[in-house]
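Here's the letter readout for the chains.
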Amino acid sequence: DRVSTQSTWGMRCLLISNTRHFHHVTKIHDAIALWDKIRYESNVKVWKPDTEQEFEDPDGHVFNKKTYDDMKRQGLI
């Protein structure tokens, strides 16, 4: 129907995924606020081992996993 098509097009223009979370959202500012909340919560819940997992070298220096692996590969550790 026309309303659904306009809603889908509007969400696409706002660069918002048109998921079930937005089925009863009718105002643009509500959609943007909900999208920001969904993105924030999904970033908070996802553990990122490359940046959050810590490794310690023999001298006691602490690095994230990516940095530690790079330095080890280069023979610096």
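Reference entry: report on the structure contained in this document.

## Structural notes on the nonpolar core
Then comes step 1: Core analysis: the largest hydrophobic core is formed by 5 residues, namely Met 11, Ile 16, Phe 22, Ala 31 and Trp 35.
Then comes step 2: Residue contacts for Ala 31: discarding those within four places in its chain leaves Met 11, Ile 16, Phe 22 and Val 25.

## So, the side chain of Asp 57
Then comes step 1: Structurally, Asp 57 is set in the loop between strand S1 (54–56) and strand S2 (62–64).
Then comes step 2: Within the structure, Asp 57 has its side chain in polar contact with the backbone nitrogen of Gly 60 (distance 2.9 Å).
Then comes step 3: There is a polar contact of 2.7 Å between the side chain of Asp 57 and the backbone nitrogen of His 61.
Then comes step 4: Those residues in contact with Asp 57, other than ones at most four positions away along the chain, are Phe 63, Tyr 68 and Ile 77.

## With respect to the packing of aromatic side chains
Then comes step 1: Within the structure shown, the criterion is met by 2 aromatic pairs.
Then comes step 2: For the ring pair Phe 22 and Trp 35, a centre distance of 6.3 Å and an interplane angle of 50° mean the geometry is tilted. Placement of the pair is Phe 22 in the loop between helix H1 (2–13) and helix H2 (28–45) and Trp 35 in helix H2, with a sequence separation of 13 residues.
Then comes step 3: The class for Trp 35 is buried, based on a relative accessible area of 18%.
Then comes step 4: Aromatic side chains Phe 55 and Tyr 68 sit 5.1 Å apart centroid to centroid with 15° between the ring planes, which places their arrangement in the stacked category. Here the residue Phe 55 occupies a position in strand S1, and Tyr 68 occupies one in helix H4 (residues 65–73), the gap between them amounting to 13 residues.

Parameters and conventions
- Residues numbered from 1 in each chain as written.
- Predicted model: local features only at pLDDT ≥ 70, side-chain atom pairs only at ≥ 80, totals over all residues.
- Heavy atoms only, no water.
- Core = buried A, V, L, I, M, F, W, Y, C linked by side-chain atoms within 4.5 Å.
- Buried < 20%, exposed > 50% of the residue type's maximum accessible area, 1.4 Å probe, protein only.
- Contact = heavy atoms within 4.5 Å.
- Helix = DSSP H or I, 4+ residues; strand = E, 2+ residues; numbered from the N terminus.
- Polar contact = N/O pair within 3.5 Å; in protein donor to acceptor, adjacent residues only side chain to side chain.
- Phe/Tyr/Trp six-rings, centres within 6.5 Å; stacked < 30°, edge-to-face > 60°.

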